[in-house]
Amino acid sequence: MNTNKSYKGLTASQVKERIAQGQVNNFKTNASTSTWDIIKRNVFTLFNFLNFVIAVALALVQAWTNMVFFAVISFNALTGIITELRAKHMVDKLNLIAKEKVAVLRDGSFQQLDPEALVLGDIIQLSAGDQIPSDARVLEGVAEANEAMLTGESDLVLKEAESELMSGAFLASGKVLAEVTHVGADNYATKLMQEAKTVKPIQSQILKSLDRIAGFTGKIIIPFGIALFCEALFIKMLPVKDSVINSSTALLGMLPKGIALLTITSLLTAVIKLGMRKVLVQEMYSVETLARVDTLCLDKTGTITEGKMKVDGLFSLNTTFTNEQLAQILAAYSQYSDDKNPTAQAIRHKYDRVEHNYTAGVVMPFSSDRKWGAMELSGLGTVYLGATDFLLAKTPEVVFEAQERGSRVLALALSQTELDHKHPKLPTDLVALAILEITDPIRDGASETLEYLRSQGINLKIISGDNPVTVSNVAAKAGFADYQNYVDCSNLTDEKLVEITEKTAIFGRVSPHQKKLLIQTLKAAGHTTAMTGDGVNDILALREADCSIVMAEGDPATRQIANIVLLNSDFNDVPEILFEGRRVVNNIARIAPIFLIKTIYSFILTIICIASVLLFKADWLLIFPFIPIQITLIDQFVEGFPPFILTFERNINPVEPRFLKKSFIRAFPSALMIIASVLIVRIWGGIHGWSASDISTLSYYLLGSISFLSVIRACLPLNLWRIFLIIWSVGGFFASALVLQKLIEISTLNATTLPLYLGLMVIFTILFIWSSIWIYKRQAEEKLV
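Please read these numbers as outputs of a predicted model, since none were measured by experiment.

A. Fine view of the sheet that holds strand β10 (residues 310-316). Read from one edge to the other, the open sheet built from six strands follows the order β10-β15-β14-β13-β12-β11, with strand pairing classed as antiparallel. The open sheet is flanked by β10 and β11 (360-367), the only strands paired with a single partner. The sheet shows a mean angle of 20° between the axes of neighbouring strands, taken without regard to direction. Two elements, β11 and strand β12 (residues 372-377), share four bridges in a ladder whose sense is antiparallel.

B. Broad picture of the layout of surface pockets. Estimates place the volume of the second largest pocket at around 910 Å³. Looking at the second largest pocket, it is lined by 33 residues, and the ones nearest its centre are L622, I623, P625, R682 and I695. Of all elements in the fold, only α8 (240-253), α24 (659-687) and α25 (692-714) reach the threshold of two or more residues within the lining of the second largest pocket. When residues of the lining of the second largest pocket are assigned to their parent elements, the largest contribution, five residues, is made by α24.

C. Representation of the packing of helix α7 (residues 205-235) against α24 within the structure. At their nearest, the axes of α7 and α24 sit 9 Å apart, and the two run at 60° to each other. Comparing their axes, α24 and α7 come out oblique. Residues I206, S209, R212 and I213 of α7 form the contact with α24, whose participating residues are F659, L660 and F664. Of the residues belonging to the contact of α7 with α24, the class tally is five nonpolar, one polar and one charged.

D. Looking closely at the state of the cysteines. In the structure shown here, the tally under the stated rule is zero disulfides. Residue C230 stays outside any disulfide, its sulfur separated by 14 Å from that of C609, the closest cysteine. Its relative accessible area of 30% is what places C230 among the partly exposed residues. C297 forms no disulfide, and the closest cysteine sulfur to it belongs to C489, at a distance of 12 Å. Judged by its relative accessible area of 0%, C297 is buried.

E. Fine view of the packing of aromatic side chains. One pass over the full model with this rule turns up 18 aromatic pairs. Note on F224 and F603: the rings are 5.9 Å apart at their centroids and 15° apart in plane angle, and the pair reads as stacked. Of this pair, F224 sits in helix α7 while F603 sits in helix α22 (residues 574-611), and the two are 379 residues apart along the sequence. Among the residues examined, F603 registers a relative accessible area of 25% and is labelled partly exposed.

F. A look at the pairing of strand β2 (residues 109-113). Alignment of strand β1 (residues 102-106) against β2, held across five bridges, turns out to be antiparallel. Bridged to V104 within β2 is Q111. Joining the antiparallel neighbours β1 and β2 is a turn of two residues, in which D107 adopts a positive phi near 55°.

G. How the structure looks around the nonpolar core. Membership of the largest hydrophobic core comes to 129 residues, with the highest contact counts inside it found for I564, Y601 and Y700. Here this core gets 17 residues from one element, more than from any other, and that element is α22. Judged by nonpolar contacts, the second largest core, of 29 residues, contains L314, L330, Y336 and A360.

H. View of empty space enclosed by the protein. Here the structure, examined in full by the defined rule, presents three cavities of 30 Å³ or more. The computed volume of the largest cavity comes to approximately 80 Å³. The wall of the largest cavity is formed by I594, I597, K598, Y601, I631, I634, D635, V638, E639, L703 and S707. Going through the elements one at a time, α22, α23 (628-646) and α25 are the ones with two or more residues in the lining of the largest cavity. The dominant element in the lining of the largest cavity, judged by the number of residues it contributes, is α23, at five residues. Broken down by class, the residue content of the lining of the largest cavity amounts to seven nonpolar, one polar and three charged.

I. Structural view of helix α17 (residues 468-477). Among the residues making up α17, those that are buried are P468, T470, V471, S472, V474 and A475. The inward-facing, buried residues of α17 abut α11 (300-304), α15 (397-404), β14 (408-415), β16 (459-463), β17 (486-488) and β18 (506-508). For α17, the N-terminal cap is N467; the gap from its side-chain oxygen to the backbone nitrogen of V469 is 2.8 Å. One or two residues past the end of α17 sits G479, with phi positive at roughly 85°.

J. Broad picture of helix α12 (residues 323-336). The end-to-end C-alpha distance of α12 is 20 Å, a good match for the 20 Å that 14 residues give at a rise of 1.5 Å each. Buried residues of α12: L326, A327, I329, L330, A331, A332, Y333, S334 and Y336, and no others.

K. The environment of Y336, seen in detail. Counting through the fold element by element, Y336 comes out in helix α12. Engagement of the side chain of Y336 in a polar contact is seen with the backbone oxygen of Y358, the distance being 2.8 Å.

Cut-off values and rules
- Residues numbered from 1 in each chain as written.
- Predicted model: local features only at pLDDT ≥ 70, side-chain atom pairs only at ≥ 80, totals over all residues.
- Heavy atoms only, no water.
- Pairing = 2+ DSSP bridges.
- Helix = DSSP H or I, 4+ residues; strand = E, 2+ residues; numbered from the N terminus.
- Axes fitted to C-alpha atoms, helices over the stretch in contact; angles between N-to-C directions.
- 1 Å grid on protein atoms, 1.4 Å probe; cavity = no way out; pocket = protein on both sides within 12 Å on 5 of 7 lines; lining within 4 Å.
- Points joined across faces, edges and corners; volume = space filled by probe spheres on them.
- Parallel < 35°, antiparallel > 145°, perpendicular 65-115°, else oblique.
- Contact = heavy atoms within 4.5 Å.
- Nonpolar A, V, L, I, M, F, W, Y, C, P; charged D, E, K, R; others polar.
- Disulfide = S-S within 2.5 Å.
- Buried < 20%, exposed > 50% of the residue type's maximum accessible area, 1.4 Å probe, protein only.
- Phe/Tyr/Trp six-rings, centres within 6.5 Å; stacked < 30°, edge-to-face > 60°.
- Core = buried A, V, L, I, M, F, W, Y, C linked by side-chain atoms within 4.5 Å.
- Polar contact = N/O pair within 3.5 Å; in protein donor to acceptor, adjacent residues only side chain to side chain.
- Expected span 1.5 Å × (residues − 1).

Structure representation (structure tokens):
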């Protein structure tokens, strides 16, 4: 950019004066979650509130031993806070790598400052790819702004002298000098800018499913609790303390709190693990979204290729100009152009030392929408540089040869028509001058990565602004299976593009608007999409995708809006990211039935207990058979250690849909067995005159033993480590039952109760195996259908 006026910027004293007046751009741009938000997310939840109410009720009747469950709840909440704070610290630390400073003119020289340090009246310099940090007015220069983050419109907006720049928008091309007109809260789009800088919220299907359970439980828990308490107190004539304890156990069992806590812990663990691999996860739940991705859209440059372009050939198309003169034209073009894309940098690197005598007039920066840029050069005319499809009336053979080699091809053309940057359009007198061949090496390991992703059921699509023939040849070299299935999008209507989206693998000459439309179409068809990219022209598609993955070496704009940033800028890290998400979700789905067993049997047993009043006899009234301390102790060996360990195991299988429905179906047989065991023991014990202690003891052992059947199923197929886990859990359950008898208010199995325990467990084990086989067969058949 040529500076026609002498600007000095603010002086140090003027800056101090504005800071003192509060005219500073000191709004927060930290994309990570605040400490208070972390505390709220882990403490102030519906699960915790309901548990707190039950704990208060137990405290009022001084049932201290039965309040152990709340210590576990508090410990889990504290653990979640500590884990998430650790992840936040890592994110904050890594975010410093991606944080972009602003070029600010003060006291006659440019300084690199944080956006928060800007003051009213500062003069800033912005280039293609930069996000506008504060509302400003263009002083000089020409650029095109992408204001889609603010207005929703994908068309680029021309910005020249006196034009207004809106904070939160991005420069798609060009370079300008601008004066800051608003700061902080006065900015036109402060809130929208915050939204653009942070990651769009991603809903967790797991937690959404659990919220549905919590919502249902929250509606019934109070009337159920009152009914159970009144029956125990006024009909069964139990003491107040015993009435509260028995009622509380039923209500506690309906809350699947363990799986919610384990889900958050697993996701945060994944964030930390990926961080150690130099992968910045800016949105925790994007890990879960990645697990469900079935379609991955790739940008060619910087993803499949290294993004390290170089000019590999210059082929003259006009005998009027020698190669030396063509080199001088390209040297002038690269010198006066403000374009910063990889192609422009490759040309600049090749010709920046070539001497020339040209001066530039009007400059039109390259646009990914137009596919060309232009500038007026003194004594020569208007030079155009861009896609051959747009600048050449007839495509020469050299272009096809270069495209077959997988090279990017640009055309250099000349016109004598003056350039009108307000109404950019191609003139009719264009004369072809030369063809530039630009190569970009295939990234090492790209072929293996693509094949591995395909083998894992990921549908791959390449979306690129390059010529589709070039992209196809690059894809072929990279081992892309469907490289011949390509289309040129430059002349396609939106309707036609939507029609061919699912059946086409490679899309060339795609505009930013079309990239977004492709993602929208895939999502509308029911696909979960991920998008990789590194350029400004990818922003709209990245924002639209369910999960966006960008390279750290790419434009700052893409890094700020991405869900995940590859700090090593290595596409080969993508499979491990996808599979880390699969590990979390698949393992949660595998262990979810263990947690839902208690929810189901507690709900059904509560209904049975309430309905037993219709028997019109106090002795036949069924009181909830367990107390909180018993459930808490069993949980440590059933819902505690085993599921936590299992979540760390590698599991890269595709994620199955309908997580909640399948988990409930798998948990249902065990819950019914527990309900049956309670009724059988009550009836059998009543007939044979058993003591309350024997009935409670046998019910406790059957509850734990039946629950362990689901733990064993989750450990299949068995290996040495899983066998050890089962032995530890089962052994811990029986050992604690013997050592803590008085605390949990049971005795030991004796000659009276042991035979019934063994007989029932044989029957229940057979039923469990049969039901599990039947359920898996049915679900396998549904999957095939």
